[in-house]
Amino acid sequence: MPLSKLNKEQYCAATAAMGHNLIIASAGTGKTSTIVARIAHLLNSGIKADKILLLTFTNKAASEMIERLSRYFDDRVISQITAGTFHSVSNSLLKSLNKGVILKQPSELKTLLKSITDRRQFHRISDTKGYSGAYLYDIYSLFCNSCVNGEDFIGWFSLNYPDQAEFAEIYDDILQEFEETKTQFNYADFNDLLIKMRNELKKGARIYFDEILVDEYQDTNSLQGSLIDAFNTKSLFCVGDFDQSIYAFNGANIEIIGSFKQRYFDANIFSLNINYRSSAKILALANKVIANNPRLYPKSLEVSREGEFKSPVLLTYDELFSQYSSVAQLIANSKYNKNDIAIIFRNNSSADGLEVALKEQGISCKRKGGVSFFESREIKALIDLVAILVNPRDIMAFIHILEYARGVGNAHAKELFDILSSAGHGNIIKGLIDPDRNSVKLPAKKKNYQLGLFDDFSEFMPSNRFSELGFDDEFMNSPALNYSNLNQNGAIFLYELRNLLLSLDKQSNSNKIISSIMQSKIYNVIVDTLATKRATLKNGNIDNELKSSVIDRIMAKARVLLEISNRHSSIDNFYNFLTLGKSEMSEGQGVNLLTVHASKGLEFNLVFVVDLAEGRFPNSRLMSDIEEERRLFYVAVTRAKDELVLSYAKYDKIRKVEYQPSCFLAEAGMVKPLI
């Protein structure tokens, strides 16, 4: 049983009386084993599996814990435990309440918000440049994560972004329209899932858990904290480490773990102090640096591993790329399997040079957090065409696809969607194939100078202006062709989209649908557009040989998606996989190139922490405060099990910048402190 394998500290925590329990689990001290043992203890104590909720920060972490439990308990019992991320759990529970939503990725909703923001003409109000829709989305997301007590967006924004305060009312109006549009189409992002779940609980939803277990508690944000409170459970089992709180940039509120004892009168604090991961010398270095941060919860780490291990080393280089080349050479000569080696850096600007240096040595690598297969534009376009087929109300998929029609911007694409939607009574496929012209109305527009709206009313124009394009009579009667802002490129694009949808009528096999899309004229237009852009030289000329090669690579990627579609017979199931399951796929083999944030929760035999120079790590541009940067350093070095190599370069010849060693190297006693 899981409990029999615990040390004394882990056992005391796992078998604690139900109530409000906080477990301080430092790096490598077996927090996962403790959580698994806690659930086993609850089940052995008579708590029903369906009354246990496990909240983790990745679905992979939840799956691993459930898999461990399945070794000791019947699958029929374990399957009743509710486990997953805050977002996946909220999504499932909302569906159980018949309050399901259509989940959209941030990149998709940024496109929607951009279509609304682009109508605002900031330059006619002020010389100050307004924020883009994508950046405004990130700000709004931070507001939703951080402000859970009914705070006013205008006041919050004006306080935190004073240089843009004159636009606060405009941004607030844009966001109100954004929320109204999401509600219209039942869209939700990750924040919305939590907000909707919390609101349902506050309204009295009949959902109750005897105990809620929370992993990585130090990284919860105020919104997640308010959701935990809304469940109103009598027993919490929260596992985290103050010294590993590194997500302030994403709204994480370190005060949630810091104030645990003050918020719960019956709080019990347990500490796990035996480290099973790192060598004594690595751990001593990590503790020496993190000790410079305030000690909120006392802990005294002990090392369990025995044997002789190398001391951490510092390598100093005269130039940045000399550092990367040397690291690659050291890896080439290393005794460790390449999958057991990680290079960790503070921000992504380090990754390109490292990847090149490794490839020069013939070493394969994988970059976690880089542009994934599913985020490449050619694959996203395929997925968006599927999305329109699966959900003919999907405004964002439509806007994404119309981006490939030259001269049709996001704002016009949104208006075209409104026209086709009204012609199809909410269904744009019907609006394209069999429109009801009598139902078509141009969307009402606002004209409000104070809110940056200067639109004139669009007018309908005759469709015969497109008569020379050779459209059939049915399409010539499409109300979309009467839209005054539609150009010839847009008209041709809509025609080919309509032809594709006609060819896919009543088709549900995912493989056949993907194959048809790949062979369609509209996808050929998309491929040609992408290939032309990627093959355009700096002088504006197109390298035709390169373009041909790019087209081959694009179609090779599309064939990978075609192959994946074979595993999902239904297009609905395949689309669900594409939207929810893609992030869990394998990321390849080789040396791990990781930002500190991406390295969280992982461990490797050999770890390189590079670019440990003032300005780079700690990062003067990205850091919120020096204490969080120190926690980032602590997380980075405690990924190492056997060997730790630290490095920095004195000079960057590309940027022509000189560097001093990081203050953390001085705190570790590896260089003299800067005067």
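Calculation rules
Residues numbered from 1 in each chain as written. Predicted model: local features only at pLDDT ≥ 70, side-chain atom pairs only at ≥ 80, totals over all residues. Heavy atoms only, no water. Pairing = 2+ DSSP bridges. Helix = DSSP H or I, 4+ residues; strand = E, 2+ residues; numbered from the N terminus. Axes fitted to C-alpha atoms, helices over the stretch in contact; angles between N-to-C directions. Contact = heavy atoms within 4.5 Å. Parallel < 35°, antiparallel > 145°, perpendicular 65-115°, else oblique. Left-handed = near helix turned anticlockwise from the far one by under 90°. Nonpolar A, V, L, I, M, F, W, Y, C, P; charged D, E, K, R; others polar. Buried < 20%, exposed > 50% of the residue type's maximum accessible area, 1.4 Å probe, protein only. Lys, Arg positive; Asp, Glu negative; His and termini not counted. Salt bridge = Lys/Arg side-chain N within 4 Å of Asp/Glu carboxyl O.

**Student:** Explain the sheet that holds strand β7 (residues 236-240) to me, using residue names and the numbers behind them.
**Tutor:** Pairing within the open sheet is parallel, and its 6 strands lie in the order β3-β2-β6-β7-β1-β8. Looking at which strands have only one partner, the edges of the open sheet turn out to be β3 (82-85) and β8 (268-272). Neighbouring strand axes in the sheet, compared pairwise and without regard to direction, differ in orientation by 15° on average. Where strand β2 (residues 52-56) lies against strand β6 (residues 211-214), 4 bridges are found, and the strand directions are parallel. Paired with L55 across the two strands is V214, which belongs to β6. Where helix α5 (residues 86-96) meets the sheet, it contacts β2, β3 and β6, and its direction lies at approximately 130° from that of β3.

**Student:** I'd like to hear about the packing of helix α6 (residues 106-117) against helix α9 (residues 168-185), residue by residue, with values.
**Tutor:** One can describe the packing of α6 onto α9 by two numbers: an axis separation of 10 Å at closest approach and a directional angle of 130°. Of the possible angle classes, the one that applies to α6 and α9 is oblique. Along this stretch, α6 crosses α9, giving a crossing that reads as right-handed. Across the interface between the two elements, L109, L112, L113, I116 and T117 of α6 pack against I174, L175, E177, F178, T181 and K182 of α9. Of the residues in the contact of α6 with α9, the class split is 7 nonpolar, 2 polar and 2 charged.

**Student:** Break down the packing of helix α17 (residues 377-390) against helix α23 (residues 510-519) for me, with residues and values.
**Tutor:** Running from N to C, α17 and α23 cross one another at 120°; their axes reach a closest spacing of 11 Å. If you check the angle between α17 and α23, you find them oblique. Of the two possible hands of crossing, α17 and α23 adopt the one that is right-handed. Two secondary-structure elements touch here, α17 through L382, L385, V386 and L389 and α23 through I513, I514, I517 and M518. Its residues assigned to classes, the contact of α17 with α23 shows 8 nonpolar, no polar and no charged.

**Student:** Outline the side chain of R198, supporting the account with residue identities and numerical values.
**Tutor:** Of note, R198 is situated in helix α10 (residues 190-202). We note that R198 is buried and unpaired, the nearest opposite charge coming from E151 at a distance of 8.2 Å. Among residues more than four places away in sequence, those in contact with R198 are V148, L223, S226, L227 and A230.

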